[in-house]
Amino acid sequence: MNVELSSEREARLSLERRRHREAERRLRVFDDKLRTMGVDTEVLDAQVQEKKRQEGKAKQEQAAFDADVLHQSKAAAVLQNRQTKQKLALQKALETFRSQNQQPQTRREFDLNDPDSWKKTDQSDAQMILPGLVGEDPTKSSREQRQKEQLREWLIQQQAELDASRSQQEEEEQRHNRSREETLNRAGEHLHLQAERRKEAAVATQNYNLAMIEEKHRRKQQNDPDYDQETAAVPGFSPSADVRPPPETVQQVIQFQKYQIQEKKRIEMEKKQEDERHERVRLDSARAALLMERRQARLGKQLRQQLDSANGQLAQTHKQQKPDIERGQIDESFFLKFNTCSRSVELIILARSSSSRIHVEQRGSGSGPRDEKRNRMD
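Worth saying up front: this structure is predicted, and the values here are computed from it rather than measured.

The rules behind each value
- Residues numbered from 1 in each chain as written.
- Predicted model: local features only at pLDDT ≥ 70, side-chain atom pairs only at ≥ 80, totals over all residues.
- Heavy atoms only, no water.
- Helix = DSSP H or I, 4+ residues; strand = E, 2+ residues; numbered from the N terminus.
- Buried < 20%, exposed > 50% of the residue type's maximum accessible area, 1.4 Å probe, protein only.
- Contact = heavy atoms within 4.5 Å.
- Areas by Shrake-Rupley, 256 points an atom, 1.4 Å probe, with all protein chains shown as cover.
- Patch = residues over 30% accessible without salt bridge, like charges linked within 9 Å, V, L, I, M, F, W, Y side chains within 5 Å.
- Salt bridge = Lys/Arg side-chain N within 4 Å of Asp/Glu carboxyl O.
- Lys, Arg positive; Asp, Glu negative; His and termini not counted.
- Charge placed at Lys NZ, Arg CZ, Asp CG, Glu CD.

> Help me out: how do you make sense of the overall build of the protein chain in this one?
A tally of helices and strands in the protein chain yields eleven helices and zero strands. Per-residue burial over the protein chain gives 6% buried out of 378 residues. Within the protein chain, contacts between residues at least 6 apart in sequence are counted, and of these 38% link residues at least 24 apart. Of the roughly 34,800 Å² of accessible surface on the protein chain, 54% is carried by carbon and sulfur atoms.

> I keep staring at a nonpolar patch on the surface and nothing clicks. Help me out?
Taken together, the side chains of Leu151, Trp154 and Leu155 present a nonpolar region at the surface, about 330 Å² in accessible area. Tracing the backbone shows Leu151 in helix α6 (residues 140–221). Judged by relative accessible area, Leu151 falls into the partly exposed class, the value being 46%.

> Just checking my understanding: could you explain the pattern of salt bridges for this structure?
Any two side chains of opposite charge can pair, on the condition that their charged atoms come close. Per the stated rule, a full pass over the model turns up eight salt bridges. The partner of Arg266 in a salt bridge is Glu263, and the shortest N-O contact between them spans 2.1 Å. Taken as a pair, Arg266 and Glu263 lie in helix α8 (residues 250–321) at a separation of three residues, close to a single helical turn. Judged by its relative accessible area of 38%, Arg266 falls in the partly exposed class. Note that Asp284 and Arg287 form a salt bridge whose closest N and O atoms lie 3.1 Å from each other. In this pair, Asp284 and Arg287 both sit in helix α8, three residues apart, roughly one turn of the helix. Given a relative accessible area of 47%, Arg287 falls into the partly exposed group. Through salt bridges with shared partners, a single network forms among Glu263, Arg266 and Glu270.

> How should I be thinking about a positive patch on the surface in this particular structure?
Among the surface-exposed residues, Arg17, Arg18, Arg19 and Arg21 lie close enough to one another that they form a single positively charged patch. The topology assignment puts Arg21 in helix α1 (residues 6–29).

What follows is the structure, encoded as structure tokens:
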């Protein structure tokens, strides 16, 4: 049972297509009329035509750009000439207007600057001119005297106004001082009355207390039964029954204030020590972080150096492991391997051309990283 699977059919068809392409390629490669040293002339011709087309298109674009630039330059030159002509016409019109409508004779001050004024003056008008130079003020001394007197009067008036303002200010200050003194006096009298009243109330209370004490002693000496009931009914009335602590003395108050001051100083000292400790901890943390960062940077640098050295060794190993064709070391035994398919001719030609080019470049420019890179690219 000859059953063919779809995958086998596809593989068979693919193999037949490859064989057909190989046969066609063999015909083209081994044909002297079509082959030129293993180079596909059709592709080269297509590339040449495409390059020419691109160059023609670039020339057309450059020509269009040049034409546009020339057109814009001409338009700019025309516009500049037009502006220049307008400016010259405006200046000419301005000069014409000044020469026609702004003559020196039409000016308002021309009578003062007219060089021929003495020729135009009549004899009758000349007799009315005062003796002396033309334009001289004969009343100059009297005018200056009046100006000085007016200035003196102004100064006197200003001095009087200043004195009046000063006197008014002094009166206001005196009035304010009197009102303040009266207010202080009334406040003092009020305080004095309050002190007298408190004093009278204290004296009355003291007299009442003394009278009550005398009444208690008297009733106690007389063995009054009502006294015992009153003393029993009122707690704390008897001196022996008063359990309140005695009032604090001045020395105790001073001692307590000193204790408060010392306690406040101790709290401030503890707070200051706590702040200093926090500051030390912060500085130590910052220093440790800086040292750690520097250590990490140093370790990173060492790791990068090790990585660079490892990469260099690996590149050297790869370079040594490359085949002879990439290093430019090819002998005649290498060309004996290409006799199995239609690509042998092309490979032999390319290998020989690349080998010769590599040797020529190494002899001409010397060996180096850039030359080695160029050889690899070739």
